[in-house]
Amino acid sequence: MAGSQMHQINTFLAGFARRRAARTVAFPGGFAALDDEFALSYSNNHVVVDGTPDPEALPALADEAMGHLSHRLITVLDDAAGEACAGPLVRAGYTRSTYLVMLHQGPVPPGGGAGEVDLEALRAPLARRWRGYLPDVGEEVIRQLVDRRETTRRGADTVRFIGARTPEGEVASWADLYLDPASGTAQIEDLITSELHLRSGYADAVLATALRGAADAHCATRFLIADANDWPRHWYERRGFTAIGRHHGFERT
């Protein structure tokens, strides 16, 4: 079962990257998803390996596809392919990260009190959070990281921005919800809480609302991606998520 769901999830992710991109460059075993309007955004300009590449050739293929950019970001969706590509990419100067594909297998909550919000409501808290994450970057980087969220609307049949608000109306925590009812797949992505409102239950409200929305859209495969070496994976485990597979990320700047 886990293998079939990993195939379903990886197919969804590769399709999302292709649909979101302004243009793609194909090569044996994968493709580059690119968007010149957001050239400073890594997630809008990256390589996705969704097949069986030649590991030794991959660094040169990435350079050819992304030679106009100052960064390199490669995601390998298959676990075995990621292990095979690690050596050549690390030798080419890449750092390696491992990510867990976490499937929701707990009971679906009745809802969490959060709701759909638009990008304008997210703009100020999202920019403030990015400045906290990246204190040394310029305002153009922050602008692109905020505005790029609109490009996610191209990636799936239904894209919702879910937010939990304070009593004063400020969006305190938020996430994206990507829905593909035809395949029964839903992804929860970029769950973030404002530094002003940590440990106040807002992230729980967003997560519960997103899970309820995915179930109501008849998406039985509800998943997210978590860093294997960071604390949020344990937070998600306590809320009914189980790791069923791995992705491999490689970055060079």
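All told, the structure shown has 23 salt bridges when counted by the stated rule. Close ionic contact of Asp 35 with Arg 154 constitutes a salt bridge, the shortest N to O distance being 3.2 Å. Residue Asp 35 is found in the loop between strand S2 (30–34) and strand S3 (46–49), and its partner Arg 154 is found in the loop between helix H5 (139–147) and strand S7 (158–165); the two are separated by 119 residues along the sequence. With a closest N to O distance of 2.9 Å, Arg 149 and Asp 176 form a salt bridge. Of this pair, Arg 149 sits in the loop between H5 and S7 while Asp 176 sits in strand S8 (residues 171–180), and the two are 27 residues apart along the sequence.

Attention now moves to the nonpolar core. Of all hydrophobic cores here, the largest spans 33 residues; its most connected members are Phe 12 and Phe 223. Within the residue set of this core, elements represented by two or more residues are helix H1 (2–20), S2, strand S5 (95–104), helix H4 (119–133), H5, S7 and S8. Ranked by residue count, the leading element in this core is H1, at seven residues. Apart from the residues within four sequence positions on either side, Phe 12 is in contact with Ala 156, Tyr 178, Asp 180, Thr 185, Gln 187 and Phe 223. Core analysis: the second largest hydrophobic core is formed by 28 residues, Leu 177, Ala 205, Ala 214 and Cys 219 among them.

A few words on the packing of H4 against H5. In a packed pair of helices, the relevant descriptors are the angle between the two axes and the axis-to-axis distance. Close contact between H4 and H5 brings their axes to 9 Å; oriented N to C, the two are set at 135°. Compared by their axis directions, H4 and H5 come out oblique. In this structure, the crossing between H4 and H5 has a hand that is right-handed. Facing H4, whose interface residues are Leu 119, Arg 123, Leu 126, Ala 127, Trp 130 and Arg 131, H5 presents Glu 139, Ile 142, Leu 145, Val 146 and Asp 147. Partitioning the contact of H4 with H5 into residue classes produces seven nonpolar, no polar and four charged.

A few words now on a nonpolar patch on the surface. Among the surface-exposed residues, Tyr 133, Leu 134 and Val 137 lie close enough to one another that they form a single nonpolar patch of about 230 Å² accessible area. Structurally, Tyr 133 can be placed in helix H4.

Before going further, it helps to spend a moment on the packing of aromatic side chains. On inspection of all chains with the given rule, the structure shows six aromatic pairs. Look at Tyr 236 and Phe 241: their rings are 5.8 Å apart centre to centre, the planes differ by 70°, and that puts the pair in the edge-to-face class. Every member of this aromatic cluster is reached through a ring pair, and the members are Phe 12, Phe 16, Tyr 178 and Phe 223. A cation over a ring is seen here: Arg 149 above Phe 161, with NZ or CZ 6.0 Å from the ring centre.

Attention now goes to H4. Between its first and last C-alpha, H4 extends 19 Å over 15 residues, near the 21 Å set by a 1.5 Å rise per residue. Within H4, burial applies to Leu 119, Leu 122, Pro 125, Leu 126, Ala 127, Arg 129 and Trp 130. The inward-facing, buried residues of H4 abut H5, S7, S8 and strand S9 (185–193).

What follows deals with the pairing of strand S1 (residues 23–27). Pairing between S1 and S2: five bridges, direction antiparallel. Bridge pairing in S2 links Arg 23 to Leu 34. What sits between S1 and S2 in their antiparallel hairpin is a turn of two residues, with Gly 29 showing a positive phi close to 95°.

The next thing to look at is the sheet that holds strand S6 (residues 115–116). For sheets, the rule is that strands pair by backbone hydrogen bonds, running either parallel or antiparallel. Strand order across the open sheet formed by 11 strands is S1-S2-S3-S4-S11-S5-S10-S9-S8-S7-S6, with mixed pairing between neighbours. Both edges of this open sheet fall to S1 and S6, since each of them pairs with a single strand only. As judged from the eight bridges shared by S7 and S8, these two strands associate in the antiparallel manner. Opposite Arg 165, over in S8, you have Val 171 as the bridge partner. Across the sheet, H1 is in contact with S1, S2, S3, S5, S8, S9, strand S10 (221–227) and strand S11 (241–252); its angle to S11 comes to roughly 40°. Against the sheet, helix H2 (residues 58–66) engages S1, S2, S3, strand S4 (72–76) and S11, with an angle of about 125° to S4.

What counts, and at which threshold
- Residues numbered from 1 in each chain as written.
- Predicted model: local features only at pLDDT ≥ 70, side-chain atom pairs only at ≥ 80, totals over all residues.
- Heavy atoms only, no water.
- Salt bridge = Lys/Arg side-chain N within 4 Å of Asp/Glu carboxyl O.
- Helix = DSSP H or I, 4+ residues; strand = E, 2+ residues; numbered from the N terminus.
- Core = buried A, V, L, I, M, F, W, Y, C linked by side-chain atoms within 4.5 Å.
- Buried < 20%, exposed > 50% of the residue type's maximum accessible area, 1.4 Å probe, protein only.
- Contact = heavy atoms within 4.5 Å.
- Axes fitted to C-alpha atoms, helices over the stretch in contact; angles between N-to-C directions.
- Parallel < 35°, antiparallel > 145°, perpendicular 65-115°, else oblique.
- Left-handed = near helix turned anticlockwise from the far one by under 90°.
- Nonpolar A, V, L, I, M, F, W, Y, C, P; charged D, E, K, R; others polar.
- Patch = residues over 30% accessible without salt bridge, like charges linked within 9 Å, V, L, I, M, F, W, Y side chains within 5 Å.
- Areas by Shrake-Rupley, 256 points an atom, 1.4 Å probe, with all protein chains shown as cover.
- Phe/Tyr/Trp six-rings, centres within 6.5 Å; stacked < 30°, edge-to-face > 60°.
- Lys NZ or Arg CZ within 6 Å of the ring centre and 35° of its normal.
- Expected span 1.5 Å × (residues − 1).
- Pairing = 2+ DSSP bridges.

Note that every value here comes from positions in space, so none of it alone points to a role or purpose.
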